[in-house]
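# What the coordinates show
For reference, the chains in residue letters:
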Amino acid sequence: QSFPSEIELSNAIRKRRPVKIDIGAIFSHPPKDSKTVASSSFTPSQRELVFDVDLTDYDPVRGCGCQGATICRTCWTYMTMAVKVMDVGLKEDFGFKHVAWFYSGRR
């Protein structure tokens, strides 16, 4: 589903209280009009880039004994390092200016 304004998106989130939100591209025309607009002019103008960093990916190198969803303070060091390395790379190597980090907390 798409929303024509930030206010309508905000209202829908408050009403529905979703567990997860996936945000896609911003298109040149509303997605509902995709069948009525020439495909050559229906193009994305902005996109989001998502990296999903899971602590379980570090199981082979976690020396604290934790595995899977088990997390201790030492484990968070790996997550902190991953975010810092990616943040510097995105900003300094690729010129990103708007970077937001989120903790989903699902594990």
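The structure displayed is predicted, hence computed values, not measured ones.

About the thresholds
- Residues numbered from 1 in each chain as written.
- Predicted model: local features only at pLDDT ≥ 70, side-chain atom pairs only at ≥ 80, totals over all residues.
- Heavy atoms only, no water.
- Helix = DSSP H or I, 4+ residues; strand = E, 2+ residues; numbered from the N terminus.
- Buried < 20%, exposed > 50% of the residue type's maximum accessible area, 1.4 Å probe, protein only.
- Contact = heavy atoms within 4.5 Å.
- Areas by Shrake-Rupley, 256 points an atom, 1.4 Å probe, with all protein chains shown as cover.
- Lys, Arg positive; Asp, Glu negative; His and termini not counted.
- Charge placed at Lys NZ, Arg CZ, Asp CG, Glu CD.
- Salt bridge = Lys/Arg side-chain N within 4 Å of Asp/Glu carboxyl O.
- pLDDT = per-residue confidence, 0-100.

Each helix and strand in the chain was counted, giving two helices and two strands. Counting from the amino terminus, the chain carries its helices and strands in the arrangement α-β-β-α. With respect to the principal axes defined by its C-alpha atoms, the chain has extents near 55 × 35 × 20 Å. Counting every position in the chain, which comprises 107 residues, the buried fraction comes to 13%. Considering only contacts within the chain whose residues lie at least 6 apart along the sequence, 24% involve residues at least 24 apart. Carbon together with sulfur atoms contributes 54% to the accessible area of the chain, which is approximately 9,200 Å² in total. Mean positive and mean negative side-chain charge positions of the chain (15 and 12 charges, respectively) differ by 7 Å.

Moving on, we get to unusual backbone geometry. Look at Arg 17: it is not a glycine, yet its phi comes out positive at around 50 degrees. By the secondary structure assignment, Arg 17 is in the loop between α1 (6-16) and β1 (26-27). Exposure remark for Arg 17: the relative accessible area of 70% places this residue in the exposed category.

Let's shift gears to the pattern of salt bridges. This model, assessed by the stated rule, comprises two salt bridges. Residues Arg 62 and Asp 59 are paired through a salt bridge, measuring 2.4 Å at the closest nitrogen-oxygen approach.

This part is about the confidence of the model for the chain. The share of residues in the chain with pLDDT of 70 or more is 97%, and the mean pLDDT across the chain is 86. Ranking the elements of the chain by mean pLDDT puts strand β2 (residues 44-46) last with 87 and α1 first with 93.

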